[in-house]
Structure formats: structure tokens, C-alpha cells
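Spelled out from the first residue to the last, the chains are:
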Amino acid sequence: VAARRSWVILATLAVVAVSAAAGVVTWDARVRPPPTAEPAPAWSASLDPPANPVPSAILADSASIQRGLQLAAGMLLIRDGGRSGPWTRAAARSGGGSRPVRTDQAARRW
Amino acid sequence: VVSFVADVRGTAVLARGRTGGGAPDGLVALLDSATGRPRWQRRVGGDVFPDSLAVGPAGIQLVAQDPLTFDQLIAKRQRADWSPLHVRLIALDRTGRPQWRRPLHEVTGGDDPVEDVRVTVAGSLVVAVSQRQHGARIEVFEGGTGARHWSRPVERAGHVVAWRDRLLLDLGDRRPSVRARDGAPLRADFLPADAPTPTSVPASYQLRGDTLPVFSGDQLAAVDLAADRIRWRLLTGVAFYPSELAPGPERAFNASAVGERDGLVLVLARDRCLYVVDDETGAVAGGRPCRLHEPASGSPLVATAETTVYLTTYGVVAYPLRTG
């Protein structure tokens, strides 16, 4: 009799557990907003070589970038998430020029 | 490095400065904005300045300089070779045929090289603003022939917006407006007195009407240039965390991609949602699409009948979003 009672209790617990789980899943599905799919682009294009998906193609030249970083103390860091100017910005600020520089500091103010 | 401009005539133009192997080729391609397929591509040679690409009635303009790898440039400087890098403005027609090329101003001796150039089309004129380490310069050319109209130094480079017969110059701490054909000063500040501060004018913005959208912190404001007043302000209050590399909140409207079409101001904000705002009232259309690719800072945004096109970090992307 005791064994039969245990079985009945176990079966009851199992039914209750399964029902509760099903209820939670149903409630969750009702409450949680459906995931919004990312819109699919119509197309995308890049002129960078596909084998080089880094933001700037100059990064592929690792020897140059290493040297550039040493010389320019980080001036080669890509501005605006990948739209860098030519590396003359880095070179221009990396020293090495001793000639006097003609400037347009006298620019007239508008 | 890919540059991008587009116009509402259904074309998008890309340009590339330097390939992964270090070979600069100045590749320019014109794409069909509906399909993304190239109509043509052409090598113009040289290292293209990424912000120098422009398109207008006279065709396509961009600025390139002599190709040198970074190592070559360093070696050139170490042997005190100050020869110029021949920075030149190149014009192509809409079929990709070269039209003309003109040298941009370079300091004698080449010891203050041009760092960056931004090109803007103002009607039939082409405006190039070049930044060097020790100053900047504005040069204006005739788009059809390349004839030089005027040129003058300024202390800082910046964005140029063409409006009617004048240029609105956003030069950082000063915002004068000048007459486009001769550079005659017209106003000391083209923004009205009630404009929010600080204000940034979107880069590469092609103004078609009288409304200039400007950004200030977390607000987008519309300047009615004709009436000299702020027409509306849009407050977002949206702050988000762009990445682990840039901790701290960023306002959604800072440096967004912005464009306009048919009386609508289109702003793809840094929260990756496209805001479609009524030009007259500032009302935001409902159902804005989100989870789009993040725009490159200051990218132009062009909505044609079929697609909305802008620049991302990796290239150009087009969504089939109807905004009109």
C-alpha cells in the first residue's frame, strides 16, 4: 500500500511540475515581446578587398602600422570608425622636420 | 578607406585610396543605388583623401596626392626631401571620363603637407577646404572647366554647406557665410541668435531647401536659414553606450548620418534607428526602423525612391526603407 501511495505522490508531483513548467513557458511567451528581426539590407558594397575586413586598408600593412605607431605615438588611430585621412597626418606630426615652416597664421578673420 | 557620396538621381559613388597591399590606386566606382551594382569604375591614380569625394551637376570631384607608402614617406622626410606630393582636384563626368585636374595650393617646399581635404559642391562651383598642420585654405573652382575663382587661407578647416548663392562655413569657433563666387563676407555667423550651443553642422550635408539640421548634445534643431530662426527642436534624451572601447554615454544624435528628401529630414542616429522628421513641424513619423547598421560618423544619408543609403565603418549599405 505504501509503495502504491508513493507512486501516486510521485505521479502527482510530476504532473504538477510539468503543468507549472508549461504555464511558465506560456506566460513568458505572452509577456516577452517577440524578438525583432534585424532588417535586411537591400545591398552593401565596399571597395576594400574582401579578405581584409578591417576598417582601414592601411591596417593590413602591419610593418608600416607598427612603425607608424612608434613614430607617431598613436596618430594612426582611425578617426571616425575607419575614415582616416592619409597617413600624412601621422607623418607630419612624427617629427623629423627642422626647416622653418611657412604658415598661414596670418589668416584674416571673417 | 572608402568614401561615399550619393545623390537623389539614383547613383552612389565610392572611392578608395589605398588597397590592402599598400598599392594606392584611387579607385572610383559609381553604383546603381537600387541594386548596388557598379555601372562603372575607374582608377584615377594616387591616394584619395577620404572626405574629398563630392558629386554635383558638373560631375564627380575628388582630391588625390602622389602615392607613397608610409615607409616611403618617412624615408622621404628623413632624407630631407621636401618635394610636394602634388595634391590635385580631379573631376570626372558621370560616365567616369576624366574632365580636368587642378593642383591644390601646397606650401612651397612641401614641408607642411596637406592632411585632409573636404570637397563640397555649390551649384556650378566646387569648394575644396584643405587642412594642413599649420593652417587651412579654401579654394573655389568652376565645376565645368576647373577654372580657379578664388582662394584664401583660414585658421581652421571645417565643413561647408552651400545655400543659395553663398557658402556657410563651419570653421569650429567661427561660422561665417560668404558669397560663393568671390568669397565676399556676408555674415559673421550664419546661425540665428537662438541656435543651441555648442552646435555642429552635419558634414557632407547637401542642402536643398532652407532648413539646415544641426546637432547640439542630445537635440536636433532645424535652422530656417531664410527666416533666420530655429524652426523646431527635437529632444531625444537618448543616451546609450556605443562600445566598451568608448565608455560613457553618447547622445544618440551626435554625429549622425543625416539627409533630406521631399520635405523630410532623415537622421540615422547612433542608436541605430532612423528618425524621419517633418521638415515643417519637427514631428517624428511613427514606426521608425531600428537595429540598422551603425553609420560612420558624419556620413551622408541619401534616400531615393527605393533605398536609403549611407556609409558604415566597412562600406556602404542600402536598406529598402520607404520614407516618403
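The structure presented is a predicted model; accordingly, all values stated were derived computationally and were not measured.

**Student:** I would appreciate a short explanation of the sheet that holds strand β26 (residues 301-303) of chain B in the present structure.
**Tutor:** Paired through their backbone hydrogen bonds, the strands of a sheet run either parallel or antiparallel. A sheet is described by the order of its strands in space; here 4 strands give the open sequence β1(A)-β28(B)-β27(B)-β26(B), paired in antiparallel fashion. The open sheet has two edge strands with one neighbour each: β1 (43-45) of chain A together with β26 of chain B. Taking each pair of neighbouring strands and ignoring which way they run, the sheet shows an average axis angle of 15 degrees. Sheet topology note: the strand β27 (residues 308-311) of chain B/strand β28 (residues 316-319) of chain B ladder contains 4 bridges and is antiparallel.

**Student:** Even after reading the chapter, I still don't get the pairing of strand β20 (residues 229-235) of chain B, so can you show me in this structure?
**Tutor:** Look at any regular strand and the pattern is simple: side chains alternate between the two faces of the sheet. Residue and element names in this part refer to chain B. With 6 bridges connecting them, strand β19 (residues 219-224) and β20 associate as antiparallel partners. Directly across from leucine 220, in β20, lies its bridge partner leucine 234. Linkage of β19 to β20, two consecutive antiparallel strands, is achieved through a turn of 4 residues, within which aspartate 228 is found at a positive phi near 55 degrees.

**Student:** What should I look at first to understand the sheet that holds strand β23 (residues 257-261) of chain B in this one?
**Tutor:** Residue and element names in this part refer to chain B. An order of β23-β24-β25 is seen for the 3 strands of this open sheet, with the pairing classed as antiparallel. Only two strands of the sheet have a single partner each, and these edge strands are β23 and β25 (274-278). If you compare each strand with its neighbour and ignore which way they point, the axes differ by 20 degrees on average. As paired elements, strand β24 (residues 264-268) and β25 share 5 bridges and run antiparallel to each other. Within the sheet, the bridge partner assigned to valine 265 lies in β25 and is valine 277.

**Student:** Would you explain the confidence of the model for chain A in this entry?
**Tutor:** Keep in mind that low pLDDT regions are not for reading the predicted coordinates in detail. Residues and elements named next belong to chain A. Taken over all residues, the pLDDT of chain A has a mean of 55, while the share at 70 or more is 34%. Within chain A, no element has a lower average pLDDT than helix α2 (residues 62-72), which sits at 31, and none a higher one than helix α1 (residues 2-31), at 84. Confidence over residues 50-108 falls short of pLDDT 50; this stretch has 130 contacts with residues more than four positions distant or in other chains.

**Student:** What's the story with the pattern of salt bridges in this structure? I'm lost.
**Tutor:** Side-chain pairing between opposite charges can occur once the charged atoms of the two side chains come close. Residues and elements named next belong to chain B. Counting across every chain of the model gives 20 salt bridges over all chains. Aspartate 165 is the partner of arginine 166 in a salt bridge, and the nearest nitrogen-oxygen pair spans 3.7 Å. On the basis of relative accessible area, arginine 166 is assigned to the partly exposed category, the value being 22%. A relative accessible area of 43% places aspartate 165 in the partly exposed class. Connected through salt bridges with shared partners, the residues Asp224, Arg231, Asp279 and Glu280 form a single ionic network.

**Student:** Any chance you could explain a nonpolar patch on the surface here in plain terms?
**Tutor:** Side chains of Trp7, Ile9, Leu10 and Leu13 of chain A sit close together on the surface and give an oily, nonpolar patch of about 480 Å² of accessible area. Following the sequence through the fold, tryptophan 7 of chain A ends up in helix α1.

**Student:** Could you clarify how one ought to interpret the side chain of serine 52 of chain B in this entry?
**Tutor:** Residues and elements named next belong to chain B. Here serine 52 shows up in the loop between β5 (47-48) and β6 (54-56). The exposure class of serine 52 is buried, given its relative accessible area of 0%. Here serine 52 is in contact with Gln61, Leu62, Val63, Val117, Arg118 and Val119, once residues within four sequence places are set aside.

**Student:** Help me out: how do you make sense of the pairing of strand β11 (residues 125-132) of chain B in this one?
**Tutor:** All names here are of chain B. The element β11 is extensively covered by neighbouring structure, given that 7 of its 8 residues are classed as buried. Two strands pair when backbone bridges link them, and strand β10 (residues 114-122) and β11 are joined in this way by 8 bridges, in the antiparallel orientation. For arginine 118, the partnering residue across the bridge sits in β11 and is valine 129. A loop of 2 residues connects β10 with β11, the two strands running antiparallel in sequence, and glycine 123 in this loop sits at a positive phi of about 60 degrees. As paired elements, β11 and strand β12 (residues 135-142) share 8 bridges and run antiparallel to each other.

**Student:** Which parts of the structure should I look at to understand the confidence of the model for chain B?
**Tutor:** All names here are of chain B. Of all residues in chain B, 84% have pLDDT values of 70 or greater, and the mean over the chain is 82. Confidence, expressed as mean pLDDT per element, reaches its minimum in chain B at strand β21 (residues 239-240) with 51 and its maximum at strand β16 (residues 177-179) with 97. The ipTM, which scores confidence in the relative placement of chains, is 0.79 for this predicted complex, and the corresponding pTM is 0.74.

**Student:** Hey, could you run me through unusual backbone geometry in this one?
**Tutor:** Most peptide bonds adopt trans geometry, and most residues besides glycine take a negative phi value. All names here are of chain B. One non-glycine residue with positive phi stands out, namely alanine 80, at about 55 degrees. Its place among the elements puts alanine 80 in the loop between α1 (70-78) and β8 (88-92). Judged by its relative accessible area of 46%, alanine 80 is partly exposed. Its identity is not glycine, yet arginine 164 carries a phi of approximately 50 degrees, on the positive side. In this structure, arginine 164 sits in the loop between β14 (159-163) and β15 (166-170). By relative accessible area, which is 60% here, arginine 164 ends up exposed.

**Student:** Sorry if this is basic, but what is going on with the side chain of arginine 174 of chain B here?
**Tutor:** Residue and element names in this part refer to chain B. By the secondary structure assignment, arginine 174 is in the loop between β15 and β16. Residue class for arginine 174 comes out buried when judged on its relative accessible area of 15%. Within the local environment of arginine 174, its side chain forms a polar contact with the side chain of aspartate 173, the two groups lying 3.2 Å apart.

What counts, and at which threshold
- Residues numbered from 1 in each chain as written.
- Chains lettered and ligands numbered in written order.
- Predicted model: local features only at pLDDT ≥ 70, side-chain atom pairs only at ≥ 80, totals over all residues.
- Heavy atoms only, no water.
- Pairing = 2+ DSSP bridges.
- Helix = DSSP H or I, 4+ residues; strand = E, 2+ residues; numbered from the N terminus.
- Axes fitted to C-alpha atoms, helices over the stretch in contact; angles between N-to-C directions.
- pLDDT = per-residue confidence, 0-100.
- Contact = heavy atoms within 4.5 Å.
- Salt bridge = Lys/Arg side-chain N within 4 Å of Asp/Glu carboxyl O.
- Buried < 20%, exposed > 50% of the residue type's maximum accessible area, 1.4 Å probe, protein only.
- Patch = residues over 30% accessible without salt bridge, like charges linked within 9 Å, V, L, I, M, F, W, Y side chains within 5 Å.
- Areas by Shrake-Rupley, 256 points an atom, 1.4 Å probe, with all protein chains shown as cover.
- Polar contact = N/O pair within 3.5 Å; in protein donor to acceptor, adjacent residues only side chain to side chain.

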